Amino acid sequence: MDACPICDGVQTAFYARQDDYNFVVCRNCGFVFLLPMPSAAALAAVYDDAAFDVARYPKARSRMRRAMFRALGLWPHFFRKDAIDVGCGGGFVAESMRRLGARVAGLDISPGSIAYAKDAFPGVRFFEESFETFLARGETFDFIHSSEVIEHIGDVKSYMAFLAGIARPGARVFLTTPDIAHPTVPEDVTKWDMLSPPRHVQLFTEATLTRLFEAHGFDIVKRYYKKNAPTLQVLARKRV
Ligand SMILES: [Zn+2]
């Protein structure tokens, strides 16, 4: 049960302790994850923000600007296609893709964020539900955007099965997540703000992220390296 979700290896070593949570590192593939992993319900409870003020989203204007910039760079992958933003928050990237010609859905488990998104961006179909529930709808997409989501999820295998399940053959997935092997990560990793359980419960390197995608029917077709930011950004293609 404690096996590495990337390589199924069972040999782990202590990696770091942060706020009473233990991170371990897989001796086989180098993947860093919480052990024990909190339950899905415990992790989801972190995002239960029903009291969120729907009228105001923090920094909405700059979020929209950054979202448009992000979407412009990915535009050929979703123009006149079916796209979804998984972990869409307030819906800024979803709305940006819509403005640039996609038919768009947005999915998030945060009630406050989805309430805001529905109100602010009526041209996008938003869903406030878990990825398991959404998968059961049977909808599929040509393009999937999922930024800073996978590191929050306890069961990465289920998450990848979900992405594979909603991706059409040949679909592109643009995914971003913190890069624990990035040169800007402090030597004392507990000083790194991305090592933040129970929000961030697993941390990838380019090698572990690539291995995970390949194990779930995707090939990485492009990598975007950010010299000054500890982030992994990849474009994956679902095998046909
Ligand atoms: Zn491993």
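Report follows, based on the coordinates. Every residue gets a number counted from 1 within its own chain, in the order that chain's sequence is written. Only residues with pLDDT of at least 70 get local features here, since the model is predicted, and only at 80 or more are side-chain atom pairs given and counted; chain-wide, interface and lining totals rely on the full set of residues.

**Thoughts on the overall build of the protein chain**
What counts as a helix is a DSSP run of H or I of at least four residues, what counts as a strand is a run of E of at least two, and both are numbered from the N terminus. Each helix and strand in the protein chain was counted, giving 7 helices and 11 strands. In terms of overall dimensions, the protein chain has a C-alpha envelope of 50 × 45 × 35 Å along the principal axes. In this scheme the burial state of a residue depends on its C-beta neighbours within 10 Å: 20 or more other such atoms mean buried, 12 or fewer mean exposed, and anything in between means partly exposed; the C-beta positions come from the backbone. Of all 240 residues assigned to the protein chain, the portion counted as buried reaches 43%. Taking all contacts inside the protein chain whose residues are at least 6 apart in sequence as the whole, residues at least 24 apart take part in 61%. A pair of residues counts as a contact when their C-beta atoms, built from backbone coordinates, are within 7 Å of each other.

**Details of the environment of arginine 137**
Structurally, arginine 137 is set in the loop between helix H5 (131-135) and strand E7 (141-147). Here the alpha-carbon distance between arginine 137 and isoleucine 166, two residues 29 residues apart in the chain, equals 9.5 Å.

**Looking at the packing of helix H2 (residues 60-74) against helix H3 (residues 92-99)**
Here H2 crosses H3 at 50°, and the two axes come no closer than 8 Å. Classified by the interaxial angle, the pair formed by H2 and H3 is oblique. Considering only the axes of H2 and H3, their crossing is right-handed. Counted together, Arg63, Met64, Ala67, Met68, Arg70 and Ala71 of H2 and Phe92, Val93, Ser96 and Met97 of H3 form the full contact between these two elements. Considered class by class, the residues forming the contact of H2 with H3 number 7 nonpolar, 1 polar and 2 charged. Axes here refer to lines fitted to C-alpha atoms; in helices the fit is confined to the stretch in contact. Angles between the N-to-C directions go from 0 to 180 degrees. Relative orientations are named as follows: roughly parallel for angles under 35 degrees, roughly antiparallel for angles over 145 degrees, roughly perpendicular for angles from 65 to 115 degrees, and oblique for any other angle. Should the near helix be turned anticlockwise from the far one by less than a right angle, the crossing is left-handed, and should it be turned clockwise, the crossing is right-handed. For this classification, Asp, Glu, Lys and Arg are treated as charged, while Ala, Val, Leu, Ile, Met, Phe, Trp, Tyr, Cys and Pro are nonpolar and the rest, including Gly, are polar.

**A look at the sheet that holds strand E1 (residues 12-18)**
Only when DSSP finds a minimum of two bridges between them are two strands counted as paired. The antiparallel open sheet is built from 4 strands, whose spatial order is E1-E2-E3-E9. What marks the edges here is a single partner per strand, and that holds for E1 and strand E9 (202-203). Where strand E3 (residues 32-34) lies against E9, 2 bridges are found, and the strand directions are antiparallel. Its bridge partner being in E9, phenylalanine 33 is matched across the sheet by glutamine 202.

**Some thoughts on the sheet that holds strand E11 (residues 231-238)**
Pairing is mixed across the open sheet formed by 7 strands, whose spatial order is E6-E5-E4-E7-E8-E11-E10. Of all the strands in the sheet, just strand E6 (125-128) and strand E10 (218-225) have a single pairing partner and so form its edges. Each strand axis lies, on average, 15° off the axis of its neighbour in the sheet, ignoring direction.

**Side note on helix H4 (residues 111-120)**
Helical geometry note: an α-helix holds 3.6 residues per turn, so side chains three or four residues apart project in the same direction. Listed as buried for H4 are Gly112, Ser113, Ile114, Tyr116 and Ala117. On its buried face, H4 is in contact with strand E5 (103-108) and E6.

**Things to note about the nonpolar core**
Counting residues in each nonpolar core, the largest one holds 67 residues, and the members touching the most others are Ile84, Ile144 and Val173. Take this core: its biggest share by element is 6 residues, from helix H6 (residues 156-166). Beyond its immediate sequence surroundings of up to four residues, isoleucine 144 is in contact with Ile84, Val86, Leu163, Ile166, Ala167, Ala171 and Val173. Think of a nonpolar core as buried Ala, Val, Leu, Ile, Met, Phe, Trp, Tyr and Cys residues, each tied to the set through C-beta atoms within 7 Å.

**Brief notes about the pairing of strand E8 (residues 167-178)**
Of all 12 residues making up E8, 9 are buried, and the element is well covered by its neighbours. Sheet topology note: the E7/E8 ladder contains 6 bridges and is parallel. Opposite phenylalanine 143, over in E8, you have arginine 172 as the bridge partner. Once you follow E7 into H6 and on to E8, the crossover reads as right-handed. Here the term right-handed applies to a crossover when the path leading from its first strand over the helix to its second strand runs clockwise, the strands being oriented away from the viewer.

Limitation: the analysis is restricted to geometry and does not speak to function.
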